[in-house]
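What the coordinates show
Residues per chain are reported as follows:
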Amino acid sequence: MKKITVGIVDTMFARCDMAAFAIDEISRKFPGTAIVRSTVPGVKDLAAGCVILDKGEKCDAYLALGMVGKEPIDTQCGHEASIGIQLAKLQMKKHIVEVFVHENEGKNEADLYSIFEDRTRKHAVNAVLLASAPAELAKFAGMGKRQGRADAGQMRKK
Amino acid sequence: MKKITVGIVDTMFARCDMAAFAIDEISRKFPGTAIVRSTVPGVKDLAAGCVILDKGEKCDAYLALGMVGKEPIDTQCGHEASIGIQLAKLQMKKHIVEVFVHENEGKNEADLYSIFEDRTRKHAVNAVLLASAPAELAKFAGMGKRQGRADAGQMRKK
Amino acid sequence: MKKITVGIVDTMFARCDMAAFAIDEISRKFPGTAIVRSTVPGVKDLAAGCVILDKGEKCDAYLALGMVGKEPIDTQCGHEASIGIQLAKLQMKKHIVEVFVHENEGKNEADLYSIFEDRTRKHAVNAVLLASAPAELAKFAGMGKRQGRADAGQMRKK
Amino acid sequence: MKKITVGIVDTMFARCDMAAFAIDEISRKFPGTAIVRSTVPGVKDLAAGCVILDKGEKCDAYLALGMVGKEPIDTQCGHEASIGIQLAKLQMKKHIVEVFVHENEGKNEADLYSIFEDRTRKHAVNAVLLASAPAELAKFAGMGKRQGRADAGQMRKK
Amino acid sequence: MKKITVGIVDTMFARCDMAAFAIDEISRKFPGTAIVRSTVPGVKDLAAGCVILDKGEKCDAYLALGMVGKEPIDTQCGHEASIGIQLAKLQMKKHIVEVFVHENEGKNEADLYSIFEDRTRKHAVNAVLLASAPAELAKFAGMGKRQGRADAGQMRKK
């Protein structure tokens, strides 16, 4: 497997140390992967954060980690942040795996915490594979894979 | 008919192997068409997936295959993914035929499965024709063609 | 009046042959205007369709003709298509006159048909004038002109 | 004060001659300011209209004048038009002062007419100052200035 | 700490002198930081305002300060303004810290005023640190930092 560098951009707004999950997961599963990391205030700063990191570091793929608050205006902010991330991907011609947790997704704090951890860890693996061994992902094509929750699984013809 | 290469980008999130339908359809109807394929985690990764595939493969047209989940936040994600795909088309000046199935479109699982298959197969043909024989599509202009369901047909002046 | 070329991109999804109205109108009112035409599957393919047509044909203005279905998801698709068309205009620095008919606009099929015809014919004239004689449009500035329905007319100071 | 050229793009859809207000206001308050003017069908054509005008005229700032209809689909069209105008500003690196009047803003026709006039005249002044004497606007920073209605005024610390 | 220049763009529409808070905060905490400032009519002019300021001044980071009105159409305008700011960041490859206060956020005028002050002061610090000492922000990664209100704090595993 090709040795790569992953850029991680996370936020001060999130209520969970998402980058720590990503760094731990990548270090365990893909030792030798280089990681660079940058922190921005909130989700709307993630797209620019990736592009600015890319000016100096030229990572092979990026992880954009953020939490979206629970008010309707927060949902709109998350939407704007996602549009920015779409633009940044196409400008860099690189994958940015967007890992957004919505504050109102969890049934309670423990559930929310587990979504943070599960989604971040699984997408950290996805980011590494997209840049180093993309054919690995094709094994799971159409399999109903989920991050944050259990997999939905594949539908079969009835 | 011009020999072409079609790029297929599909997702791990979808609950159906959409790429398999597309590959089968193209191979039967347009033998000799080259196909390259790449898998990404979810719909928001499709636009970047097409542009990244295009760096190496220079396909003549792309198919972006994905499923949009049933929650309101999934609909928003699908919207962001579609904006990204619009941007990618204009950046590459190539067609990306977007094949999105919404998880809540089906009356039941069997119906949903048939939408997956019908829409993907028909749009696979469209993608090939757009790149190899675009005049073929003009024969169906204004005919109320549908993918996923039966055609709506053309209105006539009363 | 300057002799120009108009590019028409229409869809297979529409339930009415919109391009036929546009071609008829332009041929009658502006004989000598060159027309090139391309058909794509649906409204989301119109922006790329114009940009791709422009690579070979270098038209002076474009008409993007499409129907938006009646479900909420169709309205979202129309929105995404329109954003793409905005992007395409600015990329080409040319006018693309967007002629969208929403399937639920009509009181009945006959009414819907008349909207298709009236809007397409009037906007076909607009597209020609924008490219060949833009000062002609200034005569109608602020006059409440409508395509698809009767003009709303100009408000007067009370 | 620097002598400048202002580009005005207005629409046939509006029910009021917005450009006439802008031209009158600029001529009275800033004699010697050059004005070029172009008319397009509706608000979705304004962004391209500014960029196309800029190809030939190289104005220092632009006014995009339009009316948004009263139906929900019109609001969506206005949104798409505004996104296009944002894109056009950044592409040209110039200000386009967007003057949109929503048909349902007025309590009645006389009120709507006064919004058209007040908003257009005030923003015409803003467009000239942005290009010729931007420091003039800083005098009103945070003062709750409104166009179309009376100023909201500045909040004071209680 | 690197000496930097911060560009501040604020609006005439806001009902509070946001730039004054930002300038005071930066001058106290980071003496020696150069500040350039420009005022535009409203939030939709902020993105272009930053890009135009950058043509002459080449600031290291920008603050875009604005108020979003309380009507639904104002929320839409704020959304359009934010999309423009996302585009401007990626075009310049620089951070623009967006400081938007929504007029209906406050429980009353005194509360609204305190949101204006708190959010602007905290984000002014963020803008300086993003450009001069980005590693400082990583100390607060995932800590639930808020601007405008008290911090939400970090969740702990239960």
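If you're wondering where the values come from, they're calculated on a predicted model, not measured in any experiment. (Residues numbered from 1 in each chain as written. Chains lettered and ligands numbered in written order. Predicted model: local features only at pLDDT ≥ 70, side-chain atom pairs only at ≥ 80, totals over all residues. Heavy atoms only, no water.)

1. A look at the relation of the copies chain E and chain A
This is how it is decided: The least-squares superposition of copies is restricted to C-alpha atoms, and to residues with a pLDDT of at least 70 in both copies. Contacts between residues were defined by any pair of non-hydrogen atoms, one from each residue, lying within 4.5 Å.
Least-squares fitting of chain E to chain A yields an RMSD of 0.0 Å, with the transformation described by 0.0 Å of translation along the axis and a rotation of 72 degrees. One copy is carried onto the other by what is essentially a five-fold rotation axis. Little of the interface of chain E is mirrored in chain A, where only 9% of its interface residues again form contacts.

2. Some remarks on the relation of the copies chain D and chain C
For the pair chain D and chain C, the relating rotation is 72 degrees, the translation along its axis is 0.0 Å, and the fit reaches an RMSD of 0.0 Å. A distinct binding surface is used by each copy, with only 8% of the interface residues of chain D retained as interface residues in chain C.

3. Overview of the interface of chain D and chain C
Going by this rule: By buried area we mean the combined loss of accessible area, with a 1.4 Å probe, across both parts when two parts are placed together. By salt bridge we mean one thing: a side-chain nitrogen of Lys or Arg within 4 Å of a carboxyl oxygen of Asp or Glu. What qualifies as a polar contact is a pair of N or O atoms within 3.5 Å, subject to a donor-acceptor requirement within protein and to the restriction that residues adjacent in sequence count only when both atoms come from side chains.
Each partner contributes to the interface: chain D provides 37 residues, whereas chain C provides 34 residues. Contact with chain C buries surface across chain D, with Met12, Arg15 and Tyr113 of chain D losing the most and accounting together for 22% of the total. In this structure, Lys44 of chain D and Glu98 of chain C form a salt bridge, with 2.5 Å as the shortest nitrogen-oxygen distance. Here chain D is connected to chain C by 18 residue pairs in polar contact (both at pLDDT 80 or more).

4. Considering the packing of aromatic side chains
The cut-off we apply is this: Classification of ring pairs rests on two measures: the distance between centres of Phe, Tyr or Trp rings, Trp counted by its six-membered ring, which must be within 6.5 Å, and the angle between planes, read as stacked under 30 degrees, edge-to-face over 60 and tilted in between. Numbering of helices and strands runs from the N terminus, with a helix taken as a DSSP run of H or I at least four residues long and a strand as a DSSP run of E at least two residues long. Summary of the burial criterion: residues with accessible area below 20% of their type's maximum are buried, those above 50% are exposed, and those between are partly exposed, where the area comes from a 1.4 Å probe applied to protein chains only. Any Lys NZ or Arg CZ that is within 6 Å of a ring centre and within 35 degrees of that ring's normal is treated as a charge sitting over the ring.
Enumeration according to the criterion identifies 5 aromatic pairs over all chains in this entry. A ring pair is formed by Phe21 of chain A and Tyr113 of chain A, whose centres lie 5.8 Å apart and whose planes are at 85 degrees; its orientation type is edge-to-face. Taken together, the residues span a long stretch of sequence, with Phe21 of chain A in helix H1 (residues 18–29) and Tyr113 of chain A in helix H4 (residues 109–132) at a distance of 92 residues. In this structure Phe21 of chain A comes out as buried when scored by relative accessible area, which is 8%. The lysine or arginine in question, Arg146 of chain E, covers the ring of Phe13 of chain A, its NZ or CZ lying 3.5 Å from the ring centre.

5. Concerning the interface of chain E and chain A
Taken residue by residue, the interface counts 34 residues in chain E and 37 residues in chain A. Regarding the contact of chain E and chain A, the summed buried area is about 3000 Å², with carbon and sulfur atoms giving 64% of it. At the boundary of chain E and chain A, one finds 2 salt bridges. Here chain E is connected to chain A by 18 residue pairs in polar contact (both at pLDDT 80 or more). For the side of chain E that touches chain A, the secondary structure elements donating two or more residues are helix H3 (72–92), strand S4 (96–102), helix H4 (109–132) and helix H5 (135–138) of chain E.

6. A look at the pairing of strand S3 (residues 61–68) of chain B
Consecutive side chains along a regular strand alternate between the two faces of the sheet. Residue and element names in this part refer to chain B. Counted only if it meets this: Strand pairing is assigned whenever DSSP detects at least two bridges linking the two strands. For the handedness criterion, the strands are oriented away from the viewer, and a crossover whose path from the first strand over the helix to the second runs clockwise is classed as right-handed.
S3 sits mainly inside the fold: 8 of its 8 residues count as buried. Burial along S3 is two-sided: the face carrying Ala61, Leu63, Leu65 and Met67 and the face carrying Tyr62, Ala64, Gly66 and Val68 are both buried. Relative to S3, strand S1 (residues 5–11) is paired through 4 bridges, and the arrangement is parallel. Looking at the pairing, Gly7 lines up with Tyr62 of S3. Pairing geometry for S3 and strand S4 (residues 96–102), over 7 bridges, is parallel. Residue pairing in the sheet places Val68 in a bridge with His102 of S4. Regarding topology, helix H3 (residues 72–92) serves as the crossover connection from S3 to the parallel S4, and that connection is right-handed.

7. Looking at the sheet that holds strand S3 (residues 61–68) of chain E
Residue and element names in this part refer to chain E. Quick reminder of the rule: Lines fitted to C-alpha atoms define the axes here, with helix axes fitted over just the stretch in contact, and angles between the N-to-C directions of these axes take values from 0 to 180 degrees.
Strand order in the open sheet formed by 4 strands is S2-S1-S3-S4, with parallel pairing between adjacent strands. In this open sheet, the two edge strands, each paired with only one partner strand, are strand S2 (34–40) and S4. Taken pair by pair, the neighbouring strands of this sheet meet at an average axis angle of 15 degrees, ignoring direction. Along the sheet face, H3 touches S3 and S4 and points at about 175 degrees away from the line of S4.

8. Quick word on the packing of helix H3 (residues 72–92) of chain C against helix H3 (residues 72–92) of chain D
Heads up, the rule is: The scheme is simple: roughly parallel for angles under 35 degrees, roughly antiparallel for over 145, roughly perpendicular for 65 to 115, oblique for anything else. By convention, the crossing between two helices is left-handed when the near helix turns anticlockwise from the far helix through less than a right angle, and right-handed when the turn is clockwise. Only Asp, Glu, Lys and Arg are considered charged in this grouping, and only Ala, Val, Leu, Ile, Met, Phe, Trp, Tyr, Cys and Pro are considered nonpolar; every other residue, Gly among them, is considered polar.
Close contact between H3 of chain C and H3 of chain D brings their axes to 10 Å; oriented N to C, the two are set at 25 degrees. Taken as axis vectors, H3 of chain C and H3 of chain D run roughly parallel relative to one another. Crossing geometry of H3 of chain C relative to H3 of chain D is assigned as right-handed. Packed against H3 of chain C, whose contacting residues are Thr75, Gly78, His79, Ser82, Ile83, Gln86, Leu87 and Leu90 of chain C, the element H3 of chain D presents Gln76, His79, Glu80, Ala81, Ile83, Gly84, Leu87, Ala88 and Gln91 of chain D at the interface. Broken down by class, the residue content of the contact of H3 of chain C with H3 of chain D amounts to 7 nonpolar, 9 polar and 1 charged.

9. A closer look at the state of the cysteines
Disulfides are covalent bonds that connect the sulfur atoms of two cysteines. Residue and element names in this part refer to chain D. Selection criterion: By convention in this document, the label disulfide applies to cysteine sulfur atom pairs within 2.5 Å.
The final tally for this structure, using the stated rule, is 0 disulfides over all chains. You can see Cys59 has no disulfide; the closest cysteine sulfur is in Cys50, sitting 8.8 Å from it. Looking at Cys59, the relative accessible area reads 1%, which means it is buried.

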